[in-house]
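# Fold and contact review
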Amino acid sequence: MTLLPDLVREKITDLRCLAKGKIKKEGCAVKLTNIPPQRLIIDLDKPGSPLGSDKKRCDYLLVTTDGQIGDLVAVLELKRGGLDTKEAVSQLKAGARAAEKLVPKVRAIRFRPVAASGSVRKHDRVELKKPGNQIAFHGRREAVRLLSCGGFLTNVL
């Protein structure tokens, strides 16, 4: 059986957009501790991104698989300071649309939109739970999960 990260990698024509195992942008990073090693991290801001250079996008697309947790797709937006909820939702929706083009619908896949920020306010948590701010992927909608910069990604997956 072909692993999901391998299926997605086959669709990437320019490998310069692949990240080398870190999720970090402008002063905000998340820890990948306990994320399965069978993973693909696409930096959507780098040359070769499947979104092109002039499109709205989130920062990263993570595709992973593991015998225990199964297949997982996560779109991530990282902000060093405070979070602009409307902008983050817009960027995560764009990332989810890109993921839909890359990730086949051939099996059950967990989807997690994640916003990591240097300061997470109660207002942001409330806004992101509203139905209009949920992110669609393969016909399902998921609320954005919030994570503080420096946090463990597994805590929101």
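Right, let's walk through the structure included here. (Residues numbered from 1 in each chain as written. Predicted model: local features only at pLDDT ≥ 70, side-chain atom pairs only at ≥ 80, totals over all residues. Heavy atoms only, no water.)

## With respect to the state of the cysteines
Rule in force here: For this text, the term disulfide refers to a pair of cysteine sulfurs within 2.5 Å. Only DSSP runs of H or I reaching four residues or more are called helices, and only runs of E reaching two or more are called strands; each is numbered from the N terminus. Burial classes follow relative accessibility: with a 1.4 Å probe on protein chains only, a residue under 20% of its type's maximum area counts as buried, one over 50% as exposed, and anything between as partly exposed.
For the coordinates displayed, the defined rule picks out one disulfide. What pairs with Cys-28 in a disulfide is Cys-149, and their sulfur atoms sit 2.0 Å apart. Measuring the twist about the S-S bond at about -105°, one finds the Cys-28-Cys-149 disulfide to be left-handed. Of the two residues, Cys-28 sits in strand S2 (residues 28–30) while Cys-149 sits in the segment after strand S9 (145–148), which places them 121 residues apart along the sequence. A relative accessible area of 0% places Cys-28 in the buried class. Note on Cys-17: no disulfide assigned, nearest cysteine sulfur contributed by Cys-58 at a separation of 12 Å.

## Some points on the environment of Ser-148
As a reminder of what qualifies: Here, two residues are considered to be in contact whenever any of their heavy atoms come within 4.5 Å of each other.
Mapping Ser-148 onto the fold places it in strand S9. Taking relative accessible area as the criterion, Ser-148 reaches 40% and is therefore assigned partly exposed. Along the backbone, Ser-148 and Arg-112 are 36 residues apart, and their C-alpha atoms lie at a distance of 16 Å. Look past the residues within four positions of Ser-148 in its chain and what remains in contact with it is Ser-117 and Val-120.

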